[in-house]
Amino acid sequence: MNTLLKHHYELIGKKVVEALNKNRFKAEYADSKAEAVEAILRLIKAQDTIGMGGSMTLHELNVCKLLGDMGNKVFDHQGLPPAEAYLVRRQQLTADVFLASSNAVTLDGKIVNVDGVGNRVAALTFGPKRVIVVMGANKIVKDENDARRRIEITAAPMNADRLKRKTPCVLSGVCSDCNSPERICSLTSIMHRAPSTSDFHVIIVGEALGY
Ligand code: SF4
């Protein structure tokens, strides 16, 4: 990776970790993808059941396969037919650990997500005994307005494209607040602090991950 970008990611990544910890999340900085995987695995016990939020970040880190190989029961709805995916999403809500990424994190330590179904936002909020959110430093933004902007011009259009939705943003690359039946943006969540009863970990990675 470009050394200037690496240095920049480290500067803003560590700043965000400090802000997240002030907001009662348990945040740490991982310098590389390999360190991020180590940090994730350190937080998971052999007998833990795992709910997987649909995430390109976790896909790039190959976490689902690693946990399956280690013998953890993994609830992953990706690629399943709708009725089956619905049941698996419900199982994620009571898993021991919920693993996900998020759409953006602000410099003052707020986590912002837009969901279509809502299972990620629900599981991040309450249910699983432990939550682990992994984000590349490319998802760091200045504030909530920038988070919404990032979601509108990057995260949501690219996710709609990945999910092969017939939405205007797949053609234009930019959100137009559509009313398509295939819209993937049903709700927005801003986590100002870690939910009060939750064991909520955040790993900020000094590399670009997901979108
Ligand atoms: S609201 Fe519609 S146009 Fe905007 S990002 Fe979501 S799916 Fe795309």
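Residues numbered from 1 in each chain as written. Predicted model: local features only at pLDDT ≥ 70, side-chain atom pairs only at ≥ 80, totals over all residues.

Let's shift gears to the overall build of the chain. Within the chain, the regular secondary structure consists of 8 helices and 10 strands. Taking 2.2 N^0.38 as the reference for a compact globule, 211 residues should give roughly 17 Å; the C-alpha atoms of the chain span a radius of gyration of 16 Å, in line with that estimate. Considered along the principal axes of its C-alpha atoms, the chain spans approximately 40 × 40 × 35 Å. Residue burial in the chain is summarised as follows: out of 211 residues, 41% are buried. Of the contacts made within the chain by residues no fewer than 6 positions apart, 73% connect residues no fewer than 24 positions apart. (Helix = DSSP H or I, 4+ residues; strand = E, 2+ residues; numbered from the N terminus. Rg over C-alpha atoms; globule rule 2.2 N^0.38 Å. Buried ≥ 20, exposed ≤ 12 C-beta atoms within 10 Å, placed from the backbone. Contact = placed C-beta atoms within 7 Å.)

Take the environment of D199 next. Tracing the chain through its elements places D199 in strand β10 (residues 199–205). For D199, a count of 14 C-beta atoms within 10 Å puts it in the partly exposed group. With 69 residues separating them along the chain, D199 and R130 place their C-alpha atoms 4.9 Å apart. Here D199 is in contact with K129, R130 and V131, once residues within four sequence places are set aside.

Taken together, 14 residues form the shell around the ligand, and within it A156, C169, C175, C178 and C185 come nearest. Sorting the residues of the shell around the ligand by element identifies α7 (144–162) and α8 (168–172) as the ones contributing at least two each. Among the elements that make up the shell around the ligand, the one with the highest residue count is α7 (3 residues). Residue composition of the shell around the ligand, grouped by class: 9 nonpolar, 3 polar and 2 charged. (Near = placed C-beta within 6 Å. Nonpolar A, V, L, I, M, F, W, Y, C, P; charged D, E, K, R; others polar.)

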